[in-house]
Amino acid sequence: MTGRELLEADALRSFAVFAEHRNFTTAAAALHISQPALHVKIRKLATALDVELYEREGRRLSLTAAGERLAAYALDCRRRADEFLRELHHESTPTLTIAAGRGALRWVIGEAIRQVGRQGRRVNVITADRDAALAALRAGRADLAVIAHDPPTRQVEATQIAAYRQVLVVDERHPLADRRQVRLRDLDGLDLVVPPADRPHRRALTRALLDAGVRWQVAAEVDGWDLLVHLAGLGVGATVVNGCVELPEGLRAVPIHGLPKIRYWATWRLPRADLVGDFLAQFPPVVERAPR
(Lines give C-alpha, C1' and ligand atoms only; values in the text may rest on other atoms or scores of the structure.)
Protein backbone atom coordinates (compact mmCIF):
# COMPACT_ATOMS: atom_id res chain seq x y z
CA MET A 1 0.00 0.00 0.00
CA THR A 2 1.41 3.40 -0.96
CA GLY A 3 1.84 6.28 1.44
CA ARG A 4 -1.08 8.08 -0.27
CA GLU A 5 -3.35 5.07 0.21
CA LEU A 6 -2.31 4.78 3.85
CA LEU A 7 -3.05 8.45 4.38
CA GLU A 8 -6.47 8.16 2.71
CA ALA A 9 -7.41 5.08 4.74
CA ASP A 10 -6.27 6.73 7.97
CA ALA A 11 -8.10 9.99 7.20
CA LEU A 12 -11.33 8.12 6.46
CA ARG A 13 -11.11 6.19 9.74
CA SER A 14 -10.43 9.41 11.61
CA PHE A 15 -13.41 11.11 10.03
CA ALA A 16 -15.66 8.20 10.98
CA VAL A 17 -14.72 8.68 14.63
CA PHE A 18 -15.14 12.46 14.38
CA ALA A 19 -18.59 11.99 12.81
CA GLU A 20 -19.66 9.83 15.74
CA HIS A 21 -18.62 12.38 18.37
CA ARG A 22 -19.01 15.68 16.47
CA ASN A 23 -16.29 16.98 18.77
CA PHE A 24 -12.58 17.29 17.98
CA THR A 25 -11.39 16.87 21.56
CA THR A 26 -13.41 13.71 22.21
CA ALA A 27 -12.65 12.21 18.80
CA ALA A 28 -8.92 12.91 19.11
CA ALA A 29 -8.87 11.20 22.51
CA ALA A 30 -10.66 8.17 21.05
CA LEU A 31 -8.09 8.01 18.25
CA HIS A 32 -5.15 8.55 20.66
CA ILE A 33 -3.86 11.50 18.65
CA SER A 34 -3.64 15.24 19.33
CA GLN A 35 -6.49 17.56 18.48
CA PRO A 36 -4.37 19.57 15.98
CA ALA A 37 -3.40 16.32 14.23
CA LEU A 38 -7.07 15.41 13.83
CA HIS A 39 -7.83 18.88 12.46
CA VAL A 40 -5.11 18.40 9.84
CA LYS A 41 -6.39 14.97 8.79
CA ILE A 42 -9.95 16.18 8.27
CA ARG A 43 -8.86 19.41 6.56
CA LYS A 44 -6.73 17.40 4.09
CA LEU A 45 -9.65 15.04 3.46
CA ALA A 46 -12.01 17.97 2.80
CA THR A 47 -9.46 19.57 0.49
CA ALA A 48 -8.94 16.34 -1.46
CA LEU A 49 -12.70 15.95 -1.91
CA ASP A 50 -13.22 19.68 -2.55
CA VAL A 51 -16.18 19.88 -0.15
CA GLU A 52 -16.92 21.25 3.31
CA LEU A 53 -17.43 18.37 5.73
CA TYR A 54 -18.68 20.19 8.81
CA GLU A 55 -19.81 23.61 9.96
CA ARG A 56 -20.08 25.46 13.25
CA GLU A 57 -23.40 26.46 14.80
CA GLY A 58 -22.23 28.48 17.79
CA ARG A 59 -20.19 26.04 19.88
CA ARG A 60 -21.77 23.05 18.21
CA LEU A 61 -20.34 21.24 15.18
CA SER A 62 -22.67 19.69 12.62
CA LEU A 63 -21.94 17.76 9.45
CA THR A 64 -22.80 19.22 6.08
CA ALA A 65 -24.81 17.14 3.59
CA ALA A 66 -21.51 16.01 2.06
CA GLY A 67 -20.17 15.26 5.53
CA GLU A 68 -23.24 13.12 6.34
CA ARG A 69 -22.72 11.09 3.15
CA LEU A 70 -19.02 10.66 3.81
CA ALA A 71 -19.69 9.67 7.44
CA ALA A 72 -22.11 6.97 6.34
CA TYR A 73 -19.57 5.69 3.81
CA ALA A 74 -16.74 5.77 6.36
CA LEU A 75 -18.75 3.95 9.02
CA ASP A 76 -19.88 1.38 6.46
CA CYS A 77 -16.26 0.77 5.49
CA ARG A 78 -15.23 0.36 9.12
CA ARG A 79 -18.09 -1.99 9.95
CA ARG A 80 -17.54 -4.07 6.83
CA ALA A 81 -13.85 -4.39 7.65
CA ASP A 82 -14.73 -5.53 11.17
CA GLU A 83 -17.27 -8.02 9.82
CA PHE A 84 -14.82 -9.34 7.23
CA LEU A 85 -12.14 -9.94 9.83
CA ARG A 86 -14.59 -11.73 12.12
CA GLU A 87 -15.83 -13.90 9.26
CA LEU A 88 -12.28 -14.59 8.14
CA HIS A 89 -11.48 -16.03 11.55
CA HIS A 90 -14.89 -17.73 11.85
CA GLU A 91 -15.76 -15.58 14.85
CA SER A 92 -19.25 -14.51 13.81
CA THR A 93 -21.70 -13.80 11.03
CA PRO A 94 -22.46 -10.23 9.85
CA THR A 95 -24.63 -8.21 12.22
CA LEU A 96 -27.83 -6.48 11.11
CA THR A 97 -28.31 -3.26 13.10
CA ILE A 98 -31.91 -2.03 13.27
CA ALA A 99 -33.03 1.37 14.56
CA ALA A 100 -36.67 1.57 15.61
CA GLY A 101 -39.01 2.82 18.32
CA ARG A 102 -40.09 0.74 21.32
CA GLY A 103 -43.58 0.11 19.94
CA ALA A 104 -42.28 -1.04 16.56
CA LEU A 105 -39.72 -3.32 18.19
CA ARG A 106 -42.32 -4.92 20.41
CA TRP A 107 -45.38 -5.24 18.19
CA VAL A 108 -44.40 -4.68 14.54
CA ILE A 109 -40.98 -6.22 13.88
CA GLY A 110 -40.42 -8.44 16.89
CA GLU A 111 -41.28 -11.66 15.08
CA ALA A 112 -39.17 -10.67 12.06
CA ILE A 113 -36.18 -10.16 14.36
CA ARG A 114 -36.80 -13.60 15.87
CA GLN A 115 -36.92 -15.29 12.45
CA VAL A 116 -33.79 -13.53 11.18
CA GLY A 117 -31.99 -14.64 14.32
CA ARG A 118 -33.08 -18.24 13.74
CA GLN A 119 -31.54 -18.05 10.28
CA GLY A 120 -28.16 -17.35 11.85
CA ARG A 121 -28.05 -13.59 11.43
CA ARG A 122 -26.93 -11.57 14.43
CA VAL A 123 -29.19 -8.60 15.21
CA ASN A 124 -28.26 -5.42 17.05
CA VAL A 125 -31.01 -2.98 18.06
CA ILE A 126 -30.93 0.79 18.50
CA THR A 127 -34.02 2.11 20.29
CA ALA A 128 -34.80 5.47 18.67
CA ASP A 129 -37.67 7.71 17.62
CA ARG A 130 -38.24 8.52 13.96
CA ASP A 131 -35.70 11.34 13.67
CA ALA A 132 -33.02 9.50 15.63
CA ALA A 133 -33.57 6.28 13.65
CA LEU A 134 -33.16 8.09 10.33
CA ALA A 135 -30.10 9.91 11.67
CA ALA A 136 -28.55 6.58 12.69
CA LEU A 137 -29.24 5.24 9.19
CA ARG A 138 -27.72 8.28 7.46
CA ALA A 139 -24.66 8.17 9.69
CA GLY A 140 -24.05 4.47 9.02
CA ARG A 141 -24.71 3.42 12.62
CA ALA A 142 -27.75 1.41 11.51
CA ASP A 143 -28.30 -0.80 8.46
CA LEU A 144 -32.07 -0.51 8.63
CA ALA A 145 -34.54 1.93 10.19
CA VAL A 146 -38.21 1.21 10.85
CA ILE A 147 -40.34 4.34 11.08
CA ALA A 148 -44.03 5.15 11.31
CA HIS A 149 -46.40 7.60 9.61
CA ASP A 150 -44.90 9.27 6.51
CA PRO A 151 -42.38 7.55 4.21
CA PRO A 152 -38.77 8.78 4.31
CA THR A 153 -37.16 11.01 1.73
CA ARG A 154 -35.93 9.63 -1.58
CA GLN A 155 -32.34 9.67 -0.35
CA VAL A 156 -32.85 6.14 1.00
CA GLU A 157 -34.62 3.00 -0.14
CA ALA A 158 -37.94 2.22 1.56
CA THR A 159 -40.87 -0.16 1.51
CA GLN A 160 -44.07 -0.24 3.52
CA ILE A 161 -44.12 -3.30 5.78
CA ALA A 162 -47.31 -2.85 7.78
CA ALA A 163 -50.45 -0.73 8.23
CA TYR A 164 -52.73 -0.78 11.26
CA ARG A 165 -56.07 0.83 12.03
CA GLN A 166 -56.13 3.16 14.99
CA VAL A 167 -58.26 1.98 17.91
CA LEU A 168 -59.83 3.53 20.96
CA VAL A 169 -58.75 1.69 24.11
CA VAL A 170 -61.26 1.80 26.94
CA ASP A 171 -62.18 -0.19 30.03
CA GLU A 172 -64.40 -3.17 29.17
CA ARG A 173 -67.22 -1.58 31.20
CA HIS A 174 -67.09 1.67 29.22
CA PRO A 175 -70.25 2.51 27.21
CA LEU A 176 -68.20 2.41 23.96
CA ALA A 177 -66.50 -0.92 24.70
CA ASP A 178 -69.07 -3.10 22.88
CA ARG A 179 -69.19 -1.04 19.67
CA ARG A 180 -67.93 -2.62 16.45
CA GLN A 181 -66.38 0.75 15.66
CA VAL A 182 -66.68 4.36 16.77
CA ARG A 183 -66.54 7.65 14.94
CA LEU A 184 -64.48 10.63 15.99
CA ARG A 185 -67.53 12.42 17.32
CA ASP A 186 -68.03 9.55 19.79
CA LEU A 187 -64.82 10.68 21.53
CA ASP A 188 -66.39 14.03 22.43
CA GLY A 189 -65.87 14.81 26.12
CA LEU A 190 -63.42 11.98 26.80
CA ASP A 191 -60.34 12.24 29.01
CA LEU A 192 -57.49 10.90 26.88
CA VAL A 193 -54.03 9.60 27.72
CA VAL A 194 -51.86 10.97 24.91
CA PRO A 195 -48.18 11.27 23.88
CA PRO A 196 -46.30 14.54 24.51
CA ALA A 197 -47.27 17.44 22.26
CA ASP A 198 -44.21 17.12 20.00
CA ARG A 199 -44.82 13.47 19.04
CA PRO A 200 -46.20 12.72 15.54
CA HIS A 201 -49.09 10.62 16.87
CA ARG A 202 -50.22 13.42 19.21
CA ARG A 203 -50.03 16.06 16.47
CA ALA A 204 -52.03 13.97 14.01
CA LEU A 205 -54.65 13.02 16.61
CA THR A 206 -55.04 16.62 17.77
CA ARG A 207 -55.60 17.83 14.18
CA ALA A 208 -58.15 15.10 13.47
CA LEU A 209 -60.16 15.78 16.64
CA LEU A 210 -60.05 19.53 16.01
CA ASP A 211 -61.29 19.08 12.43
CA ALA A 212 -64.14 16.90 13.72
CA GLY A 213 -65.11 19.47 16.34
CA VAL A 214 -64.43 17.03 19.17
CA ARG A 215 -63.85 18.39 22.67
CA TRP A 216 -61.47 16.38 24.81
CA GLN A 217 -59.19 16.72 27.82
CA VAL A 218 -55.64 15.57 28.47
CA ALA A 219 -55.76 12.99 31.26
CA ALA A 220 -52.00 12.29 31.12
CA GLU A 221 -49.03 12.58 28.78
CA VAL A 222 -46.64 9.64 28.33
CA ASP A 223 -44.42 8.44 25.50
CA GLY A 224 -44.83 4.94 24.07
CA TRP A 225 -47.75 2.67 23.18
CA ASP A 226 -47.07 0.46 26.20
CA LEU A 227 -47.34 3.34 28.67
CA LEU A 228 -50.46 4.74 27.00
CA VAL A 229 -52.16 1.38 27.41
CA HIS A 230 -50.81 0.92 30.92
CA LEU A 231 -52.33 4.18 32.12
CA ALA A 232 -55.61 3.35 30.38
CA GLY A 233 -55.59 0.08 32.32
CA LEU A 234 -55.09 2.03 35.55
CA GLY A 235 -58.25 3.99 34.81
CA VAL A 236 -56.52 7.31 34.12
CA GLY A 237 -58.37 7.75 30.83
CA ALA A 238 -59.07 6.29 27.41
CA THR A 239 -56.33 6.29 24.74
CA VAL A 240 -55.81 5.87 21.01
CA VAL A 241 -53.15 3.44 19.78
CA ASN A 242 -52.28 1.21 16.84
CA GLY A 243 -54.37 -1.89 16.34
CA CYS A 244 -51.28 -4.08 16.70
CA VAL A 245 -50.80 -3.20 20.36
CA GLU A 246 -51.61 -6.06 22.72
CA LEU A 247 -53.95 -5.12 25.54
CA PRO A 248 -54.00 -6.36 29.12
CA GLU A 249 -57.08 -8.05 30.51
CA GLY A 250 -59.94 -5.67 31.23
CA LEU A 251 -59.41 -3.36 28.24
CA ARG A 252 -61.15 -3.29 24.86
CA ALA A 253 -59.91 -1.96 21.50
CA VAL A 254 -62.58 -0.37 19.29
CA PRO A 255 -61.61 0.62 15.70
CA ILE A 256 -62.01 4.34 14.99
CA HIS A 257 -63.64 5.33 11.70
CA GLY A 258 -62.22 8.61 10.42
CA LEU A 259 -58.59 8.19 11.42
CA PRO A 260 -55.97 7.08 8.87
CA LYS A 261 -54.04 3.88 9.29
CA ILE A 262 -50.63 4.06 10.92
CA ARG A 263 -48.14 2.87 8.33
CA TYR A 264 -44.70 1.45 9.04
CA TRP A 265 -41.79 1.72 6.64
CA ALA A 266 -38.53 -0.18 6.50
CA THR A 267 -35.80 2.02 5.05
CA TRP A 268 -32.18 1.33 4.22
CA ARG A 269 -29.26 2.53 2.13
CA LEU A 270 -28.19 0.64 -0.96
CA PRO A 271 -24.66 -0.20 0.31
CA ARG A 272 -26.31 -2.35 3.01
CA ALA A 273 -29.06 -3.87 0.86
CA ASP A 274 -27.44 -7.31 1.12
CA LEU A 275 -28.04 -7.34 4.87
CA VAL A 276 -31.73 -6.39 4.91
CA GLY A 277 -33.13 -8.94 2.47
CA ASP A 278 -33.81 -11.67 5.04
CA PHE A 279 -35.54 -9.18 7.31
CA LEU A 280 -37.82 -7.79 4.58
CA ALA A 281 -38.74 -11.31 3.50
CA GLN A 282 -40.60 -11.76 6.83
CA PHE A 283 -43.29 -9.26 5.79
CA PRO A 284 -45.99 -10.08 3.22
CA PRO A 285 -46.92 -7.36 0.74
CA VAL A 286 -49.20 -4.74 2.31
CA VAL A 287 -52.64 -5.03 0.72
CA GLU A 288 -54.83 -1.95 1.03
CA ARG A 289 -58.53 -2.64 1.35
CA ALA A 290 -61.34 -0.12 1.02
CA PRO A 291 -62.73 0.91 4.42
CA ARG A 292 -66.10 -0.56 5.38
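Scroll up a little and you will see the structure.
The rules behind each value
Residues numbered from 1 in each chain as written. Predicted model: local features only at pLDDT ≥ 70, side-chain atom pairs only at ≥ 80, totals over all residues. Heavy atoms only, no water. Pairing = 2+ DSSP bridges. Helix = DSSP H or I, 4+ residues; strand = E, 2+ residues; numbered from the N terminus. Axes fitted to C-alpha atoms, helices over the stretch in contact; angles between N-to-C directions. Phe/Tyr/Trp six-rings, centres within 6.5 Å; stacked < 30°, edge-to-face > 60°. Buried < 20%, exposed > 50% of the residue type's maximum accessible area, 1.4 Å probe, protein only. Core = buried A, V, L, I, M, F, W, Y, C linked by side-chain atoms within 4.5 Å. Contact = heavy atoms within 4.5 Å. Arc of directions from axis to C-beta. Polar contact = N/O pair within 3.5 Å; in protein donor to acceptor, adjacent residues only side chain to side chain. Salt bridge = Lys/Arg side-chain N within 4 Å of Asp/Glu carboxyl O.

### Examining the sheet that holds strand β5 (residues 144–148)
Stage number 1. Pairing is mixed in the open sheet, where 5 strands are placed in the order β4-β3-β5-β13-β6. Two strands lie at the open edges of the sheet, namely β4 (122–127) and β6 (157–164), each paired on one side alone. Each strand of the sheet is rotated relative to its neighbour by a mean of 20 degrees, with strand direction disregarded.
Stage number 2. Pairing between strand β3 (residues 95–100) and β5: 3 bridges, direction parallel. Bridge assignment links I98 to a residue of β5, and that residue is L144.

### Description of the packing of aromatic side chains
Stage number 1. Counted under the stated rule, the structure contains 6 aromatic pairs.
Stage number 2. Aromatic side chains F18 and Y54 sit 5.5 Å apart centroid to centroid with 65 degrees between the ring planes, which places their arrangement in the edge-to-face category. Here the residue F18 occupies a position in helix α1 (residues 3–21), and Y54 occupies one in strand β1 (residues 54–57), the gap between them amounting to 36 residues.
Stage number 3. F18 sits in the buried class, given a relative accessible area of 0%.
Stage number 4. You can call Y54 partly exposed: its relative accessible area is 24%.
Stage number 5. In this structure an aromatic cluster arises from ring pairing among F15, F18, F24 and Y54.

### Concerning the nonpolar core
Stage number 1. Among the nonpolar cores identified, the biggest contains 38 residues, and I109, V146, I161, Y264 and F279 are the most heavily contacted of them.
Stage number 2. With residues up to four places along the chain from it excluded, the contact list for V146 reads I98, A99, A100, G101, A104, I109, I161, Y264, W265 and F279.

### Considering helix α2 (residues 24–31)
Stage number 1. Regarding α2, the residues found buried are F24, A27, A28 and L31. Down the axis of α2, the buried set is contained in an arc of 100 degrees. They therefore lie on one face.
Stage number 2. Its side-chain oxygen 2.9 Å from the backbone nitrogen of T25, N23 forms the N-cap of α2.

### What to know about helix α9 (residues 225–233)
Stage number 1. Burial in α9 covers these residues: W225, L228, V229, L231 and A232. End-on, the buried residues of α9 take up no more than an arc of 165 degrees, which puts them together on one face.

### Quick word on the pattern of salt bridges
Stage number 1. Scanning the entire structure with this criterion turns up 11 salt bridges.
Stage number 2. Among the ionic pairs, E57 bridges to R60, the shortest N-O distance being 2.9 Å.
Stage number 3. Salt-bridge contacts for R199 lead to D129; the nearest nitrogen and oxygen are separated by 3.9 Å. Of the two residues, R199 is situated in the loop between β9 (191–194) and α8 (200–211) and D129 in the loop between β4 and α7 (130–138); the sequence distance between them amounts to 70 residues.
Stage number 4. What emerges from the salt-bridge pattern is a single network uniting D129, R199 and D223.

### So, the sheet that holds strand β10 (residues 217–221)
Stage number 1. Ordered by their spatial adjacency, 6 strands build an open sheet running β8-β12-β7-β11-β9-β10, and the pairing between neighbours is mixed. Since the sheet does not close on itself, it has two edges, and those belong to β8 (182–183) and β10, each with one partner.
Stage number 2. As judged from the 2 bridges shared by β8 and strand β12 (residues 251–257), these two strands associate in the parallel manner. Note that in β12 the partner of V182 across the bridge is I256.
Stage number 3. In this fold α8 packs onto β7 (166–171), β9, β10 and β11 (238–242), with an angle of close to 150 degrees to the strand it touches most, β9.
Stage number 4. Strands β7, β9, β10, β11 and β12 of the sheet are contacted by α9, whose axis makes an angle of about 150 degrees with β11.

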